[in-house]
Amino acid sequence: MPIEKLSDAAREAFLAAHSDWCHDGVRDAFTRRFVFADFSAAFAFMTRVALLAEKMDHHPEWSNVYNRVDIALTTHDAGGLSARDVAMAEAIEALLA
């Protein structure tokens, strides 16, 4: 069954509720930069996200430089954002709570 792209209204609702996330219109992705105290804290966060991603079977595009982690979420099977990206972003946010 094909994965449906996120509607413009759903995308805007997510962004309104999660002001730290941005929309990359070129890639149709949600993006966010996370900054931690040091490399160890950034890597620990990435480990928690990796375990979450495996459980959700939805894997982020990301990079890490020292204390910074940049994450982009998009659903390649949908050709852009989907409800899976919203769920993943909200789950990532819950890790920080």
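Residues numbered from 1 in each chain as written. Predicted model: local features only at pLDDT ≥ 70, side-chain atom pairs only at ≥ 80, totals over all residues. Heavy atoms only, no water.

If you look the protein up in an unreviewed UniProt entry, it shows as Putative pterin-4-alpha-carbinolamine dehydratase from Flavisphingopyxis soli. What UniProt records for the protein under Sequence similarities (unreviewed entry) is the sentence "Belongs to the pterin-4-alpha-carbinolamine dehydratase family." Of the comments in the UniProt record for the protein, the one headed Catalytic activity (unreviewed entry) reads "(4aS,6R)-4a-hydroxy-L-erythro-5,6,7,8-tetrahydrobiopterin = (6R)-L-erythro-6,7-dihydrobiopterin + H2O". (UniProt positions renumbered as here; feature names shortened; annotations may be inferred.)

Peer 1: Requested: an account of the pattern of salt bridges, with residues and values cited.
Peer 2: The final tally for this structure, using the stated rule, is nine salt bridges. Across the pair D8 and R11 runs a salt bridge whose closest N-O atoms are separated by 3.1 Å. Separated by three residues within a single helix, D8 and R11 lie in helix α1 (residues 8-17), roughly one turn from each other. Given the relative accessible area of 52%, D8 is considered exposed. The exposure class assigned to R11 is buried, which follows from its relative accessible area of 16%. Residues participating in the shared-partner salt-bridge network are D8, R11 and E12. (Salt bridge = Lys/Arg side-chain N within 4 Å of Asp/Glu carboxyl O. Helix = DSSP H or I, 4+ residues; strand = E, 2+ residues; numbered from the N terminus. Buried < 20%, exposed > 50% of the residue type's maximum accessible area, 1.4 Å probe, protein only.)

Peer 1: Describe in detail the sheet that holds strand β1 (residues 22-24), supporting the description with residues and values.
Peer 2: Strands sit in the order β1-β2-β4-β3 across an open sheet of four strands; the sheet is antiparallel. The sheet is open, and its two borders are formed by β1 and β3 (61-65), each paired with just one other strand. Shown here is a sheet whose adjacent strand axes are inclined to one another by a mean of 25°, direction ignored. When strand β2 (residues 29-35) meets strand β4 (residues 68-73), the two strands line up antiparallel, connected through six bridges. Bridging from a neighbouring strand, F30 pairs with L73 of β4. With respect to the sheet, helix α3 (residues 83-96) is in contact with β2 and β4, its orientation differing from that of β2 by roughly 15°. (Pairing = 2+ DSSP bridges. Axes fitted to C-alpha atoms, helices over the stretch in contact; angles between N-to-C directions. Contact = heavy atoms within 4.5 Å.)

Peer 1: Any details on unusual backbone geometry? Residues and values, ideally.
Peer 2: At D57, a position not held by glycine, the phi torsion is positive, near 50°. Here D57 shows up in the loop between α2 (39-56) and β3. What makes D57 exposed here is its relative accessible area of 53%. Not every positive phi belongs to a glycine, and Y66 is a case in point at roughly 50°. Looking at the element boundaries, Y66 is found in the loop between β3 and β4.

Peer 1: Describe the nonpolar core, with residues and values.
Peer 2: Of all hydrophobic cores here, the largest spans 22 residues; its most connected members are W21, F30, F34, F45, V69, I71 and I92. Elements represented by at least two residues in this core include exactly α1, β2, α2, β4 and α3. A per-element tally of this core places α2 first, with six residues. With residues near it in sequence (within four places) discarded, W21 still touches F14, L15, F30, T31, R32, F34, I71, L73, A89, I92 and E93. (Core = buried A, V, L, I, M, F, W, Y, C linked by side-chain atoms within 4.5 Å.)

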